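Take a look at the letters that make up each chain.
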Amino acid sequence: MKALRNFFEKTKPYVQKGAKYHWLHSTHDGFFTLFFVQKDTSESGTHIHDYSDLKRTMSIVVLSLVPAILFGMYNTGLQHYKAIGELASTGFFEIFLYGLLKVIPVIAVSYIVGLGIEFAFAQMRGHDVNEGFLVSGILIPLVMPIETPLWMIAVATAFAVIFGKEVFGGTGMNIWNPALIARAFLFFAYPAHMSGDSVWIPLDGAAKLVDGFSGATPLADAAAGNINFSIADAFFGFIPGSIGETSTLAILLGAILLIVTGIGSWKIMVSVAGGGLFMGVLLNIFAVNPFMELPFWQHLILGGFAFGAVFMATDPVSATQTEKGKWIYGFLIGVIAILFRVLNPAYPEGMMLAILLMNTFAPLVDHYIVQSNIKRRLKRAGVSA
Amino acid sequence: MSEVIKLRKGLNIKIAGKAEAIIETASDPEAYAIKPTDFYGLTPKLSVKAGEKVGVGEPLFYDKYNPAILFTSPVGGTVVSINRGDRRKILEIIIQPNGDTKPLAFSKANPLDLSPEEIKAQILKSGLWPFLKRRPYGIIANPNEEPKAIFISAFDTAPLAPDYNLIVAGQESTLQTGIDALSKLTKGKVHIGLAANGRSKNFEALKNVEKHWFEGPHPAGNVGIQIHHVAPLNKGDIVWTINPQDILFIGRLFETGKLDFSKIIGLVGSEVENPRYYKTKLGVTISSLVEGKLKKGGNVRIISGNVLTGTKVSKDNFLGFYDSLVTVIPEGDKYEFLGWATPGINKFSAGKTFLSSLFPKKEYILDTNMHGGERAFVLNGQYEKYLPMDILPIHLLKAILVNDIDKMEQLGIYEVIEEDLALCEYACTSKIKVQEILRNGINSMIKEFG
């Protein structure tokens, strides 16, 4: 540890402004601050500062994603062995290992490409490396189908970081959730790889598949009028889907951590769920096809709804900035997600587009909240002389 | 007892080193000083030269743009030096006491029998006027303005704050005289904010004031927060504020006809051997307060004021004009390996990401480390938790950053000064310099509207 610190301290002069290796400044600073909380003390303003910083905050978010990541790995293996009919003869660890080996490259590509670009931009701007991508980098793999080619992950990540974030000025300045920008990019650029029946389950070219294998997600089946999933499977996550989105239980564990630590906004999570349930009831009432008849609460455990509500809608940068606005923002995400999901004939999922749409309108929601604050403040009784 | 105003938002920082209720006499200081830098926006003009003799209450300097506002010597003695900084900015006027305590004579009278003009003239001449601050902006009150009311907070909720109830004990009649004088300066009322549950007992018998009781965590004791809940400031409204201990100076002036700048200050913080109160005088050297009273070893930071809003000082500096507290905490100038990843049982945090949040009763030694680098605004909803006002702090700060005067005005810049948003700066995950931004905003307002 001491050797490491000495290394960083000794190399510091070489990356100062004007020094030979100044182009490595942000990289040096990024790693130094990662390993050591710096000895900088307060020079102005408050003399004490909270122990919490962005690294702490982001690492808690990553921690809250761990159940979904681990389950996603297991489920990847599970779906594979189920499809080739060897589930009964395969042990738990073998299943998990298969998934692990499938998922790790996706995560690695996302982090390497994304962090590479982040470091480069930080250096170009002369900024510190921002921690935001630690979360985006893990969210991107989790919202992708497992069979997405790695080069697509790389392209999408690059697009998301550059056009979703850096062109606006970096973390804290972006309008849309960067991870969803990555997914939306692939969704529109390579639709065949982001939907359909062949992307959710790795088959590895297996010759023999079980009878009646479809490969479709329960949501796609339901949209086709074929509602045959088990509620327990959908809740625990033993269904095909994007890597991290299938297990509502794992997502709830993450949600609990985010709420207990106060990092994720419970207001947004609750209002997204409320909006989804509201729209679900409305569709049940006016149902004209089997998908519309799907009991309203089952929407919450299908597709990306839970994942979006807990990890995507709550992104503090792209969400509304006012506390009251969060209720409106979340509720509309829930409503629009289910509306798109059920009534869009082409594609049976709406969470991603709902969140991106509300990201776009978040400043408008905030504007009205701020205006109402201004009006209310003007009306107050003043000091009586 | 009227209704208690309960405030839920805010935070009591669990910092170790609270003062015991013991008052001792501080050792005799070698020097005193008045620092023009304690007053925002002041352009001082000197009335004395180095080497001159001054008596208690003789002017040292005055406000260039309002020459009636005098700043006077807290003791009799010799002006030993006038320290200047960059561009010859006056930093300190240092006076060496010579035991000559013969003060200037002022008229001794019951303020209730005097006219407002007489009271104003006496306060101005004695150099007590600068204790009156003006809201908006938290600058020295302008004697040519008529405030709609005068506000006093009888308690301080800041970390390790001095207990005014203890400080004024036994001086209630002097306090009353001071309040009577203040009441003549406004056509409105004098409002006083008291701590609920009898913690402001020595203030409860006061007459000629409107009492309001407050309950809640810091910043419930900030006068700005109390104004907001009693009678919020709209555009064009002016009120004055004053600290309880400073009212005693005014009270003594009218009671005895003499200036007496004695005050009681708290010496607190985890690096103080026995945190307690000391009787001393305005503008005293820090060394006379802390010498021999600190724990051995370690690099410490001495703060005139509290840990949120105070000024960093060294031993040969002087107590701030408005301060009733000296805080000593450890400097945090050391690296911590993977500090952001530790469980953090000993790391007090406003949030709940450290295990320390499981032990709400514990007190912690907090140092001056930044605990992270400065970032753009990322988290939201954080500042709102620490500001018990109907104000959107982030939107106000963003309006200041883009220098949008209209928005600043609409979003409430008239109602806040640095101390009201200090907790936001403490808790900020992105380590944003909230107080500095706010003061820049206030400066632009002053520039724009004068």
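Remember, it's a predicted structure, so these values are computed and weren't measured experimentally. (Residues numbered from 1 in each chain as written. Chains lettered and ligands numbered in written order. Predicted model: local features only at pLDDT ≥ 70, side-chain atom pairs only at ≥ 80, totals over all residues. Heavy atoms only, no water.)

This part is about the overall build of chain A. Looking only at helices and strands, one finds 16 helices and one strand in chain A. For chain A, whose C-alpha radius of gyration is 23 Å, the value lies close to the compact-globule estimate of 21 Å for 385 residues. Structurally, chain A occupies a C-alpha span of about 70 × 70 × 35 Å along its principal axes. Chain A carries 24 positive and 24 negative side-chain charges, and their two centres are separated by 13 Å. (Helix = DSSP H or I, 4+ residues; strand = E, 2+ residues; numbered from the N terminus. Rg over C-alpha atoms; globule rule 2.2 N^0.38 Å. Lys, Arg positive; Asp, Glu negative; His and termini not counted. Charge placed at Lys NZ, Arg CZ, Asp CG, Glu CD.)

Turning next to the sheet that holds strand β6 (residues 59–63) of chain B. All names here are of chain B. Strand order in the open sheet formed by three strands is β4-β6-β7, with antiparallel pairing between adjacent strands. Each having just a single partner strand, β4 (44–46) and β7 (66–72) make up the two edges of the open sheet. Direction aside, the axes of adjacent strands within the sheet are offset by 35° on average. Across three bridges, β4 lies against β6 in antiparallel orientation. For P44, the partnering residue across the bridge sits in β6 and is D63. (Pairing = 2+ DSSP bridges. Axes fitted to C-alpha atoms, helices over the stretch in contact; angles between N-to-C directions.)

This part takes up the side chain of E409 of chain B. For E409 of chain B, the location among the structural elements is in helix α8 (residues 405–410). Take E409 of chain B: its relative accessible area is 18%, and that puts it in the buried class. (Buried < 20%, exposed > 50% of the residue type's maximum accessible area, 1.4 Å probe, protein only.)

So, on to the packing of helix α2 (residues 25–35) of chain A against helix α4 (residues 92–125) of chain A. Residues and elements named next belong to chain A. It is the contact of α2 with α4, at a shortest axis distance of 8 Å, that shows an interaxial angle of 120°. Between α2 and α4, the interaxial angle falls into the category oblique. Both α2 and α4 take part in a crossing whose hand is right-handed. Judged by residue contacts, H25, S26, T27, G30 and F31 of α2 engage F119, A122 and Q123 from α4. Counted by class, the contact of α2 with α4 contains three nonpolar, five polar and no charged residues. (Parallel < 35°, antiparallel > 145°, perpendicular 65-115°, else oblique. Left-handed = near helix turned anticlockwise from the far one by under 90°. Contact = heavy atoms within 4.5 Å. Nonpolar A, V, L, I, M, F, W, Y, C, P; charged D, E, K, R; others polar.)

With that out of the way, let us pick up the packing of aromatic side chains. Within this structure, the stated rule accounts for 30 aromatic pairs over all chains. The interplanar angle of 65° and the centroid separation of 6.2 Å between the aromatic rings of Y51 of chain A and F354 of chain B together place this pair among those described as edge-to-face. Note that Y51 of chain A is positioned in the loop between β1 (36–37) and α3 (54–83) and F354 of chain B in the loop between β21 (336–337) and α7 (393–401), a pairing that runs across two chains. In this structure F354 of chain B comes out as buried when scored by relative accessible area, which is 3%. Three or more aromatic residues link up through ring pairs in this structure, and these residues are F39, F61, F71, F131, F249, F261, F321 and Y322 of chain B. Lying over the aromatic face of Y322 of chain B, K133 of chain B brings its terminal NZ or CZ to 4.1 Å of the ring centre. (Phe/Tyr/Trp six-rings, centres within 6.5 Å; stacked < 30°, edge-to-face > 60°. Lys NZ or Arg CZ within 6 Å of the ring centre and 35° of its normal.)

This part covers the nonpolar core. Membership of the largest hydrophobic core comes to 136 residues, with the highest contact counts inside it found for I13, W129 and Y426 of chain B. Not counting residues within four places of it along the chain, the set of residues in contact with I13 of chain B comprises I48 of chain A together with P159, L308, F348, L366, L423 and Y426 of chain B. (Core = buried A, V, L, I, M, F, W, Y, C linked by side-chain atoms within 4.5 Å.)

Turning to helix α5 (residues 132–142) of chain A, a few remarks are in order. Residue and element names in this part refer to chain A. Extensive coverage of α5 is indicated by the burial of 10 of its 11 residues. Every buried residue of α5 is listed here: G132, F133, V135, S136, G137, I138, L139, I140, P141 and L142. Tucked into the core, α5 has its buried residues touching α3, α4, α6 (150–164), α7 (178–189) and α14 (305–312).

The domain boundaries assigned to chain B delineate domain 1 (31–97), domain 2 (107–256) and domain 3 (383–449). When each unit is reduced to the centre of its C-alpha atoms, the spacing between domain 1 of chain B and domain 3 of chain B is 31 Å. (Domains from an automatic or database assignment.)

Reports of interface size often rely on the accessible area that becomes lost once the parts have come together. At the interface, 77 residues of chain B touch 63 residues of chain A. At the boundary of chain B with chain A, total buried surface from both sides reaches about 6300 Å², with 57% on carbon and sulfur atoms. Taken together, the connections running from chain B to chain A amount to three salt bridges. For R377 of chain A, the salt bridge is made with E415 of chain B, and the minimal N-O distance between the two is 2.9 Å. Linking chain B with chain A are 20 residue pairs in polar contact (both at pLDDT 80 or more). (Buried area = accessible area lost by both parts, 1.4 Å probe. Salt bridge = Lys/Arg side-chain N within 4 Å of Asp/Glu carboxyl O. Polar contact = N/O pair within 3.5 Å; in protein donor to acceptor, adjacent residues only side chain to side chain.)

Our focus in this paragraph is the pairing of strand β13 (residues 190–195) of chain B. Residue and element names in this part refer to chain B. For β13, a buried count of six out of six residues is recorded, marking the element as mostly surrounded by other parts of the structure. The alternating pattern of β13 places V190, I192 and L194 on one face and H191, G193 and A195 on the opposite face, and all of these are buried. Pairing of strand β12 (residues 150–153) with β13 involves four bridges; the strand directions are parallel. Looking across to β13, one finds that I152 is bridged to I192. Direction of pairing for β13 relative to strand β14 (residues 210–215): parallel, over a ladder of five bridges. What sits directly across from H191, in β14, is E210.

Attention shifts here to the sheet that holds β12 of chain B. A sheet is described by the order of its strands in space; here seven strands give the open sequence β1-β14-β13-β12-β15-β10-β11 (chain B), paired in mixed fashion. Unpaired on one side and paired on the other, β1 (4–6) and β11 (139–140) of chain B mark the two borders of the sheet.

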